[in-house]
Amino acid sequence: MIAREAIPAPAGMLAELTHRCPLGCPYCSNPLELEKPASELDKATWKRVFSEAAEAGVLHVHLSGGEPCVRADIAELTAHCADVGLYTNLITSGVGLNRKLFDALVEARLDHIQLSLQDAEAASADRIAGYDGAFARKQEIAHWTVEAGLPLTINAVMHRANIARAARMVELAIELGARRVEVAHTQYYGWGLVNRAALMPSREETEIAVAAVEALRKKHDGVIVIDHVVPDYHARYPKACMSGWARRTFNVTPSGKVLPCHAAETIPGLEFWNVREKSVAEIWYGSPAFNAYRGVEWMKEPCRSCDRREIDFGGCRCQALALTGDACNTDPICEKSPLHAEIGSIAAIDAATGAQDYRYRRMNARA
Amino acid sequence: MTPGPDCKPRLPRGVRLKHDAVRGEWLLLAPERVIKANPVAVAVIEKCDGVRSLSEIVDDLAQAYQAPRETIERDVTKLVSDLATKRMVDL
């Protein structure tokens, strides 16, 4: 157990305002068991949670989902965040955002819009999203955003169907007027894990895409900021997942459960607290789920004695669980993991399947 | 990119300076970024209003800190250049 004084204040909060979403992206970071509309926190509770978050030290709040714009109170919630001094980032698909709502969000002092793009080509993008016309709709939202003087980030998740156009997506983001682009190679949790055989690119395709995006970084220095989330399964060391468990950020689900990360509920035996019963600060410092993997005491070998243990924190707990059966194990992405070699084989086998069909993320789809 | 003496740097919408009471420090907030701002950086950033030129900002600070103009100019140019590269300041 770590002393409360040793725990840094939270810097970021991801507010999953709803799990409703018109799109069906097969790598969605929401859990397989999507929360139903009837269980969503009401407006007054979200406002209290945002006030408590600001008081606890949260700087950025990410208004996300599902699609946050399906909530009728999104503009009012945004204005409340601005009132309590939070930096607001709307993470949207753009679908469901009409002109009237857009203007209301600008009026509510929204700081930043992050818009997802599924591909640089319309037909492929709409197939990935499982929604006809989504690509065209997004172009319009990007245009409104830039016109209103709001900073725009394009989020591009990469996988087999679009990886050949990774560099093209960065260029499209520049053409759309984005100041920042996230090129994020698919992370295989939840929906991504279920669809892994249809999403996994080959090592060769991945290396070409990574090099092409890195080459653009220098070329467009000062024009666009490129944040590159490199592919996991082809790496030597694991990512410092969430910058370390419960060190910087937390998620609040539509029904008010507070999680250290998107996938934390996949780890059995963790006790999550809910904002309906406790304050944000109580949860951040005291929740058993948050304290379970804080610091280094929980680690096993080879993490425990590793000189990288406070660089990557043993990688990702959820991935360690999903791929090794024990969340305390070294994330097998790490070359020091005894299971590391298997990861390369899994990736190669999945990439070679040629599977095309997605299981789209839908509320009524069963796990 | 090197900002010239006549450019008029300004913070675009979505980038703002905030005094954080919880941590007791000044922070520059931008999309997915938090940068700690020391007192000199705060003084420079507060003057990036799109009205004053870089050269005027340097003059102001050289006077306020009673420091050699060349030193201030070098520091201000570097800071503004770094922030412009990160798209946290528009020139």
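In this text, all values refer to a predicted model and were calculated from it rather than measured experimentally.

Cut-offs used in this document
- Just so you know, the residues in each chain are numbered from 1, in the order the chain's sequence is written.
- Whichever chain is written first becomes A and whichever ligand is written first becomes 1, with later ones labelled in order.
- Where totals are concerned, whole chains, interfaces and linings use all residues; where local detail is concerned, this predicted model gives features only for residues with pLDDT of at least 70, and gives and counts side-chain atom pairs only at 80 or more.
- For helices the rule is a DSSP run of H or I covering at least 4 residues; for strands it is a run of E covering at least 2, with both sets numbered from the N terminus onward.
- Computation of the radius of gyration draws on C-alpha atoms, with the globule rule given as 2.2 Å multiplied by the number of residues to the power 0.38.
- Note on contacts: residues are paired as contacts if their backbone-placed C-beta atoms lie within 7 Å.
- Pairs of strands are assigned from DSSP output, requiring at least two bridges between the strands.
- Every axis corresponds to a line fitted to the C-alpha atoms, with the helix fit spanning only the stretch in contact, and the corresponding angles, defined between N-to-C directions, vary from 0 to 180 degrees.
- Counting other C-beta atoms within 10 Å of each residue's C-beta, where C-beta atoms are placed from the backbone, gives the exposure class: buried for 20 or more, exposed for 12 or fewer, partly exposed between.
- What a helix is expected to span follows from its residue count: subtract one and scale by 1.5 Å.

A. Quick look at the overall build of chain A. Summing up its helical and strand segments, chain A has 13 helices and 9 strands in all. Its C-alpha atoms give chain A a radius of gyration of 20 Å, within 12% of the compact-globule value 21 Å for 367 residues. Counting only C-alpha atoms and orienting by the principal axes, one finds that chain A spans roughly 55 × 45 × 45 Å. Across chain A, every contact between residues at least 6 apart in sequence was considered, and the portion connecting residues at least 24 apart equals 73%.

B. Main features of the overall build of chain B. A count of helical and extended segments in chain B gives 3 helices and 3 strands. Put simply, chain B runs from its N terminus to its C terminus through helices and strands in the order β-β-β-α-α-α. The globule rule puts the C-alpha radius of gyration for 91 residues at 12 Å, and the 13 Å found for chain B is close to it. Along the longest, intermediate and shortest principal axes, the C-alpha atoms of chain B span 35 × 25 × 20 Å.

C. Structural context of the sheet that holds strand 1 (residues 12-16) of chain A. All names here are of chain A. Spatially, 9 strands are ordered 7-6-5-4-3-2-1-8-9 in an open sheet, and the strand pairing comes out mixed. Pairing within the sheet leaves two strands with one partner each, and these edge strands are strand 7 (225-229) and strand 9 (258-259). With 4 bridges connecting them, strand 2 (residues 60-64) and strand 3 (residues 87-92) associate as parallel partners. Bridge assignment links H62 to a residue of strand 3, and that residue is N89. The strands that helix 5 (residues 134-147) touches are strand 4 (112-117) and strand 5 (152-158); relative to strand 4, the one it contacts most, it runs at about 160°.

D. Representation of the interface of chain A and chain B. With 19 residues of chain A at the interface, the matching set in chain B holds 17 residues. If you list the elements that add at least two residues to the side of chain A that touches chain B, you get strand 3 and strand 7 of chain A.

E. Focus on the sheet that holds strand 1 (residues 16-20) of chain B. Residues and elements named next belong to chain B. Judged by pairing direction, the sheet is antiparallel, and its 3 strands sit side by side in the order 1-2-3 without closing on themselves. Strands at the two margins of the open sheet, each flanked by one partner only, are strand 1 and strand 3 (33-37). Sheet twist, expressed as the mean angle between neighbouring strand axes with direction ignored, is 35°. Judged from the 5 bridges that link them, strand 1 and strand 2 (residues 25-30) form a sheet pairing that is antiparallel. Bridge pairing links R16 to L29 in strand 2.

F. Here's a closer look at the pairing of strand 3 of chain B. Residue and element names in this part refer to chain B. Note that strand 2 and strand 3 share 5 bridges and pair antiparallel. Residue pairing for strand 3: L27 is matched across the bridge by K36. In this antiparallel pair of consecutive strands, strand 2 and strand 3, the connection spans 2 residues, and E32 shows a positive phi of 60°.

G. Just the environment of C48(B), in detail. Residues and elements named next belong to chain B. Mapping C48 onto the fold places it in the loop between helix 1 (39-47) and helix 2 (54-65). With 24 C-beta atoms packed within 10 Å, C48 lands in the buried category. Taking the C-alpha atoms as reference points, C48 and A67, 19 residues apart in sequence, are found 20 Å from one another. With sequence-adjacent residues up to four places away left out, C48 is seen in contact with P9, R10, L11 and V89.

H. The arrangement of helix 5 of chain A in detail. Residue and element names in this part refer to chain A. Counted at 1.5 Å a residue, the expected span for helix 5 with its 14 residues is 20 Å, and the 20 Å between its end C-alpha atoms agrees. Looking at the buried positions of helix 5, the neighbouring elements they touch are strand 4, helix 4 (122-129) and strand 5. Within two residues after helix 5, G149 carries a phi angle of roughly 80°, on the positive side.

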